[in-house]
Amino acid sequence: MGREYTIEELAEATGLTERTLRLYRTKGLLDAPTVRGRTGYYDQRHMAQLRMVKAFVDHGFPLALISSLASRDLVQVEIARLLRAIVERETPASGRRLDSAVTIDPMMISVMDRQRPGSLEELVTLGVMIRDEAGNVHADAVLVALVNALYLHDARAGSLGGLGVTAGRLAHEFADGQRQDPVIDLANEDALRLLVELATSAFREALSHALRR
């Protein structure tokens, strides 16, 4: 079992007030805690929910809209996809990566780097994660949502970091091949986006098939 938090500890860990957490509970943005005795306990599932809510709030979405999305049982991954799509549509290409990213929980980073030393630096070098000038680490909202979901299925942070490193290396190998023999004009943003989607879809289909063999 992962770490559990009282509401006071959850507030401290997330930088939110207890009043805000209770408001999110009321609006259906935060699941009810597990109650033992007279104390409610929150876990990583709740932390994942709060990270997604914070990403939307930081981008100016009203709580009523966020609550509406949550009430329709959209999973975190699909909500994150929506967030990324909106940011990509409204933000110049030069600023999209950080604007559509979510800050990574420092505790998760610490666990990942302890289980797989050096993985954080390699993920940043490969571009899977981003470190800002203040030293905070960020990643794509969809990636974070997927990691959160897998984390709840007992995946180890170090193993997920290793997976990210492997995928990042494959991406760089593919990019090197495209620079030598490009199938499109790599300076064309629309064509580049389509190429990335094609490569991602092909990798997803091949991986899904290979893992089921």
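Everything in this summary refers to the structure shown in the same document. (Residues numbered from 1 in each chain as written. Predicted model: local features only at pLDDT ≥ 70, side-chain atom pairs only at ≥ 80, totals over all residues. Heavy atoms only, no water.)

## Some points on the overall build of the protein chain
Working step 1: Across its full length, the protein chain carries 11 helices and 5 strands.
Working step 2: In the protein chain, which comprises 213 residues, the share counted as buried stands at 32%.
Working step 3: Sequence-distant contacts in the protein chain: of pairs separated by 6 or more residues, those separated by 24 or more amount to 62%. (Helix = DSSP H or I, 4+ residues; strand = E, 2+ residues; numbered from the N terminus. Buried < 20%, exposed > 50% of the residue type's maximum accessible area, 1.4 Å probe, protein only. Contact = heavy atoms within 4.5 Å.)

## Looking at the packing of aromatic side chains
Working step 1: Under the defined criterion, the tally for this structure stands at 0 aromatic pairs.
Working step 2: Over the aromatic face of Tyr41 sits the side chain of Arg36, whose NZ or CZ is 4.4 Å from the ring centroid. (Phe/Tyr/Trp six-rings, centres within 6.5 Å; stacked < 30°, edge-to-face > 60°. Lys NZ or Arg CZ within 6 Å of the ring centre and 35° of its normal.)

## Considerations on the pairing of strand 5 (residues 137–140)
Working step 1: Sheet topology note: the strand 3 (residues 101–103)/strand 5 ladder contains 3 bridges and is antiparallel. By the bridge assignment for strand 5, Ala101 is matched with Asp140.
Working step 2: Summarising the sheet, strand 4 (residues 129–131) and strand 5 pair through 3 bridges and their orientation is antiparallel. Bridging across to strand 5, Met129 finds its partner in Ala139. (Pairing = 2+ DSSP bridges.)

## What about the environment of Ala155?
Working step 1: The residue Ala155 is located in the loop between helix 9 (141–151) and helix 10 (157–180) in this model.
Working step 2: In this structure, Ala155 is in contact with Leu150 and Leu160, ignoring residues within four places of it in sequence.

## Concerning the nonpolar core
Working step 1: Counting residues in hydrophobic clusters, the biggest one holds 19 residues, and the most contacted among them are Val102, Ile104, Leu120, Leu123, Met129, Val137 and Val144.
Working step 2: When sequence neighbours within four positions are dropped, the list of residues in contact with Ile104 reads Ile109, Val137, His138, Ala139 and Val144.
Working step 3: Counting 15 residues, the second largest nonpolar core, distinct from the first, contains Tyr5, Leu50, Val53 and Ile66. (Core = buried A, V, L, I, M, F, W, Y, C linked by side-chain atoms within 4.5 Å.)

## Details of the pattern of salt bridges
Working step 1: Tallied over the entire structure, the rule returns 6 salt bridges.
Working step 2: Where Arg131 meets Glu121, a salt bridge forms, and the shortest distance between an N and an O atom there is 2.7 Å. On the criterion of sequence distance, the pair formed by Arg131 in strand 4 and Glu121 in helix 8 (residues 119–126) is long-range, its members being 10 residues apart.
Working step 3: Looking at Arg131, the relative accessible area reads 34%, which means it is partly exposed.
Working step 4: A salt bridge links Asp176 to Arg179; its shortest N-O distance comes to 2.9 Å. Here Asp176 and its partner Arg179 are both found in helix 10, 3 residues apart, which amounts to about one turn of the helix.
Working step 5: For Asp176, a relative accessible area of 40% corresponds to the partly exposed category.
Working step 6: With a relative accessible area of 59%, Arg179 lands in the exposed category. (Salt bridge = Lys/Arg side-chain N within 4 Å of Asp/Glu carboxyl O.)

## Side note on the side chain of Thr6
Working step 1: Summarising the element assignment, Thr6 is placed in the segment before helix 1 (7–14).
Working step 2: Residue classification places Thr6 among the buried residues on the basis of a relative accessible area of 16%.
Working step 3: For Thr6, the side chain forms a polar contact with the side chain of Glu8, separated by 3.1 Å.
Working step 4: With residues near it in sequence (within four places) discarded, Thr6 still touches Thr39, Gly40, Tyr41 and Tyr42. (Polar contact = N/O pair within 3.5 Å; in protein donor to acceptor, adjacent residues only side chain to side chain.)

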